[in-house]
Amino acid sequence: MQKFIAKFGSLIQGVISGADRLVFRGTLRSIQYGFGMMGYRWHEQVPLTAFGKHAEQVTKQLNEASLAEARRLQRPVQYLNSSKIDKKTLAEQIAMRDGIEKGLICVLSCVEPCLRFEVGPNAEKENWN
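Rules used throughout
- Residues numbered from 1 in each chain as written.
- Predicted model: local features only at pLDDT ≥ 70, side-chain atom pairs only at ≥ 80, totals over all residues.
- Heavy atoms only, no water.
- Helix = DSSP H or I, 4+ residues; strand = E, 2+ residues; numbered from the N terminus.
- Buried < 20%, exposed > 50% of the residue type's maximum accessible area, 1.4 Å probe, protein only.
- Contact = heavy atoms within 4.5 Å.
- Salt bridge = Lys/Arg side-chain N within 4 Å of Asp/Glu carboxyl O.

Our next topic: the overall build of the chain. Helices and strands together make up the secondary structure of the chain, namely five helices and two strands. Secondary structure elements in the chain, listed N-terminal to C-terminal, are α-α-α-β-α-β-α. Relative to its 129 residues, the chain shows a buried fraction of 15%. The long-range fraction of contacts in the chain, counting pairs at least 24 apart against all pairs at least 6 apart in sequence, stands at 53%.

Side chains that carry opposite charge are capable of pairing whenever their charged atoms lie near each other. All chains considered together, the criterion is met by five salt bridges. Between K88 and E92 there is a salt bridge, with its nearest N and O atoms 3.1 Å apart. Here K88 and its partner E92 are both found in helix α4 (residues 87-98), four residues apart, which amounts to about one turn of the helix. Accessibility expressed as a relative area gives 58% for K88, which makes it exposed. Ionic contacts of the salt-bridge type, sharing partners, join the residues R75, R97 and D98 into one network.

Given below as structure tokens:
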């Protein structure tokens, strides 16, 4: 760890120590709300009418990049039918089954409960008849 910090110290913002495994979960908080989503669309120059297709393309790119390392290491990629499945326990079982003591154990994915955006008619314009 000290060699790594010495080599890349200028690029490091902080150091975490403790557990030997990390679980990455994420949300893009800045686009979790309407104003944030509008800001993202403006920054990326994506019209509202094209956002669905844009979101599908970005999701596909993100998925591919996330799975590339798992494919390279021939680690299992598993979709879970429920967000209530204990992912930590499942990963521990896979690690034990496959004799994984370090490195990538598996990639687990599922649809988590979340907020969503809907585009509907503009009520002000509809009342202009």
